[in-house]
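If you want the building blocks of each chain, they are given just below.
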Amino acid sequence: MAMTTESDFLDAMETEFASVDSFIQYLEEDYNIGTKPGEFNIIGAVNNLPSKKDFADSITAVFDKIDSTGDLYLLTTTVEDERVYHYVYMDEKFPIIFTKANRTDQIPPTIGKFLQNKHDVGRLLLSQRQIDEIRKDIVSKYDDLVIPFFSAKRTPDSNIDARRRPDTDRSLWYRADDGLETYREMRFNYGILPRIMTFEHPNRFKFRVKQEGVFVHKSGSIMELWNYLQQQINRAENIVDCSNTGGYGEVTSSFFDDKEVHVSSPWAIEVEDGIKSSALENFKEHMDDDFWEFGVSEFNAYPEVPSFEAELIDENRYERTILKTKDDSIRVFPRELTDVDQSVRIFNFISDHFDSDCRARKVA
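What comes next is a walk through the structure. Residues take numbers from 1 onward in each chain, read along the sequence in its written order. Owing to the predicted nature of the model, reporting of local features is limited to residues with pLDDT of at least 70; listing and counting of side-chain atom pairs is limited to 80 or more, with chain, interface and lining totals taken over all residues. Processing note: side-chain calculations cover all non-hydrogen atoms of the structure and skip hydrogens and water entirely.

### As for the packing of helix α4 (residues 128-141) against helix α5 (residues 179-190)
Point 1. Throughout, an axis means a line fitted to C-alpha atoms (over the contacting stretch in the case of helices), and angles, computed between N-to-C directions, take values from 0 to 180 degrees. Strands are runs of DSSP state E lasting at least 2 residues, helices are runs of H or I lasting at least 4, and numbering of each runs from the N terminus. Contact geometry for α4 and α5: axes closest at 13 Å, N-to-C directions at 130 degrees. What the angle tells us is that α4 and α5 run oblique. Here the hand of the crossing between α4 and α5 comes out left-handed. In this structure, α4 contributes Asp 132, Arg 135, Lys 136 and Val 139 to the contact, and α5 contributes Leu 180, Tyr 183, Arg 184 and Arg 187.
Point 2. The residue makeup of the contact of α4 with α5, split by class, is three nonpolar, no polar and five charged. To sort the angles, those under 35 degrees are grouped as roughly parallel, those over 145 as roughly antiparallel, those from 65 to 115 as roughly perpendicular, and the leftovers as oblique. It is the rotation of the near helix from the far one that decides the hand of a crossing: anticlockwise by less than a right angle makes it left-handed, clockwise makes it right-handed. The contact criterion used is simple: two residues touch if any of their non-hydrogen atoms lie within 4.5 Å. Classification convention: Asp, Glu, Lys, Arg as charged; Ala, Val, Leu, Ile, Met, Phe, Trp, Tyr, Cys, Pro as nonpolar; all other residues, Gly among them, as polar.

### What to know about the pattern of salt bridges
Oppositely charged side chains may form a pair once their charged atoms are brought near each other.
Point 1. Each salt bridge in this description consists of a side-chain nitrogen of Lys or Arg and a carboxyl oxygen of Asp or Glu lying within 4 Å of one another. In this structure the tally under the stated criterion is 23 salt bridges.
Point 2. Ionic pairing is found between Lys 53 and Asp 57, a salt bridge with its closest N-O pair at 2.8 Å. Taken together, the residues Lys 53 and Asp 57, both in helix α2 (residues 52-60) and four residues apart, mark about one turn of the helix.
Point 3. When its relative accessible area of 55% is taken as the criterion, Lys 53 is described as exposed.
Point 4. Burial classes follow relative accessibility: with a 1.4 Å probe on protein chains only, a residue under 20% of its type's maximum area counts as buried, one over 50% as exposed, and anything between as partly exposed. Assessed through its relative accessible area of 41%, Asp 57 is described here as partly exposed.

### Brief notes about the packing of aromatic side chains
How two aromatic rings sit relative to each other is set out by the distance from centre to centre and by the angle between their planes.
Point 1. Ring pairs shown here join Phe, Tyr and Trp side chains whose ring centres sit within 6.5 Å, with only the six-membered ring taken for Trp; geometry is labelled stacked below 30 degrees between planes, edge-to-face above 60, and tilted in between. Per the counting criterion, the structure on display carries 24 aromatic pairs.
Point 2. Look at Phe 63 and Phe 114: their rings are 6.4 Å apart centre to centre, the planes differ by 75 degrees, and that puts the pair in the edge-to-face class. Taken together, the residues Phe 63 in the loop between α2 and β2 (64-69) and Phe 114 in helix α3 (residues 108-117) connect sequence positions 51 residues apart. Assigned by exposure class, Phe 63 and Phe 114 land together as buried.
Point 3. Pairing Phe 283 with Phe 308 gives two aromatic rings, centres 5.0 Å apart and planes at 45 degrees, and the pair type is tilted. Separated by 25 residues along the polypeptide, Phe 283 in helix α7 (residues 283-287) and Phe 308 in strand β16 (residues 307-314) bring together distant segments of the chain.
Point 4. With relative accessibility at 1%, the residue Phe 308 sits in the buried group.
Point 5. Following the ring pairs from residue to residue traces out a cluster consisting of Phe 283, Phe 291, Trp 292, Phe 299, Phe 308, Phe 349 and Phe 354.
Point 6. Criterion for a charge above a ring: Arg CZ or Lys NZ at most 6 Å from the ring centre, at most 35 degrees from the ring normal. We note Lys 36 situated over the ring of Tyr 31; from NZ or CZ to the ring centre the distance is 4.5 Å.
Point 7. Seen from the ring of Phe 294, Arg 345 lies directly overhead, with NZ or CZ sitting 4.6 Å from the centre.

Spelled out as structure tokens, the structure:
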């Protein structure tokens, strides 16, 4: 397939890059992305396959490969008779997708579907708490930062304080130049947390962060966006490493006449402030939010301890995952089809629902 300006829209296929950082530097300095019109999406992926070659083989089995230069691939597919193009920078653990595809109609059935459905591949999802942490950090760096848009939500079981009507479900979209001040007021009074937030430093950068793990470059320098995406990669690396210590398999048991029995070995999420009984009250309702893509088939809460046991059914694979508390941690017991996308979703749920400072760890 002959390349066109439309397909190679970042004009990158004539250059070989030593790393994804050098590709970002190319976008910033040589391509001069800050002067180009339009926006594009940067999507973090999680690769739990044995190597980046396995990831490359998997994604090129779904998408047509136009060209590649080193680890940068240019792929295409068709959505409703329209060509859609994605660059993918291959990585052993965290490939990055760059695309101008429409987030509503073109990303979900293409790259979104691949990351959601391919076993041992996942999405670099964020918790609402993580977006709020990005807000705090970037506001501390720039006195004149503007938040021209945010989408936020509160559920009655949220562990964020709300001074007014805390038992009210809230969901809002806000667009105005005083978004930062408005968000602070709404967070203080009504205990909301962001799902989408746009950050703008006039004449320097403008980008949007979405809970789905999509970072949208809108204008100006790309470096600030890339800095926060890298932070999320570093955060996810510990989640992936710890979740990979869990497993599901067969062992020989002398108690059952040396027959093979199935055993699930857990990994854990440590809740720094401990399990709170208040977080157990609306666990099922909170997990049933469409974003988490889980159903709760069984849930037993013991608020006097406090502790709980839950069986989750993944809505994509219909596989079960068991959660059980032990002291100040939640142990995650995988099954045969449990994979990295589920692990990231579970961790982010615990972060939002129990403790933003939770951390993944191995079970000795």
